[in-house]
Amino acid sequence: MVDLLDRASGVEERQRELALNRQQSKKEKPLIIDGIRCCLNCGHVIPIERVNAVDAVRCITDQELHEASQKHLRG
Ligand SMILES: [Zn+2]
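Undergrad: Hey, could you go over the side chain of Q63 for me, with residue numbers and the actual values?
TA: For Q63, the location among the structural elements is in helix 3 (residues 60–74). Excluding residues that lie within four positions of it along the chain, Q63 makes contacts with R50 and R58.

Undergrad: Before we move on, could you go through the nonpolar core and cite the residues and values that matter?
TA: Formed by C39, I46, V51, A56 and C59, the largest nonpolar core amounts to 5 residues. Leave out the neighbours within four places in its chain, and I46 touches R37, C38, C39, V51, A56, V57, R58 and C59.

Undergrad: Could you give an account of unusual backbone geometry, naming the residues involved and the relevant values?
TA: The backbone of D34 shows a phi angle near 50°, a positive value even though the residue is not glycine. The phi dihedral of D55 is positive, around 55°, even though this residue is not glycine. The exposure class of D55 is partly exposed, given its relative accessible area of 32%.

Undergrad: Can you break down the coordination of the zinc ion residue by residue, with the values?
TA: In the first shell of the zinc ion, the protein supplies C39 (SG), C42 (SG), C59 (SG) and D62 (OD), at 1.7 to 2.3 Å from the metal. One can describe the donor arrangement at the zinc ion as tetrahedral, given that its 4 donor atoms subtend angles of 102 to 117° at the metal. Mapping the donors of the zinc ion onto the primary sequence yields the spacing C-x2-C-x16-C-x2-D. Remark: C59 occurs in the loop between helix 2 (48–54) and helix 3 and C39 occurs in the loop between strand 2 (36–38) and helix 2; sequence separation between them is 20 residues. Across the pair, C59 and C39 agree in class, each one buried.

The rules behind each value
Along each chain, numbering runs from 1 in the same order as the chain's sequence is written. Reporting in this predicted model follows two pLDDT cut-offs: at least 70 for local features of residues, and 80 or more for side-chain atom pairs to be given and counted; totals over whole chains, interfaces and linings ignore these cut-offs and use all residues. To get the side-chain values, take all heavy atoms of the structure and skip hydrogens and water. Each helix corresponds to a stretch of at least 4 residues labelled H or I by DSSP, and each strand to a stretch of at least 2 residues labelled E; elements are numbered beginning at the N terminus. Two residues qualify as a contact provided that any one of their heavy atoms is within 4.5 Å of a heavy atom in the partner residue. By nonpolar core is meant a set of buried Ala, Val, Leu, Ile, Met, Phe, Trp, Tyr and Cys residues that side-chain atoms within 4.5 Å join together. Each residue is placed in one exposure class: buried if its accessible area under a 1.4 Å probe, protein chains only, is under 20% of its type's maximum, exposed if it is over 50%, and partly exposed if it falls in between. The rule for donors is simple: an N, O or S atom within 2.8 Å of the metal counts, and for Na, K and Ca the reach is 3.2 Å. Water is not among the atoms, so a site may look short of donors. Irregular is the label for any site that misses the other tests, which are tetrahedral for four donors with all angles between 85 and 135 degrees, and square planar for four donors or octahedral for six when opposite donors exceed 155 degrees and the remaining angles lie between 65 and 115.

Shape is all these values report; function is a separate question.
Next comes the structure, spelled out in structure tokens:
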């Protein structure tokens, strides 16, 4: 009985996690300051070439950190 309940709550948690991941991967709202797109993490200006190329919302450094942390979360 206890075992069954544990498993059920685990599934619920995973579904919530998946829903969260979906929301995050959908699209992050870019940070715009004075019409210039800035990094969500550090606030540095993102080069326009990067914005045009990959619709970046972070500087290269923070994007790499972000992707690494996402991978880490996924296990
Ligand atoms: Zn940054």
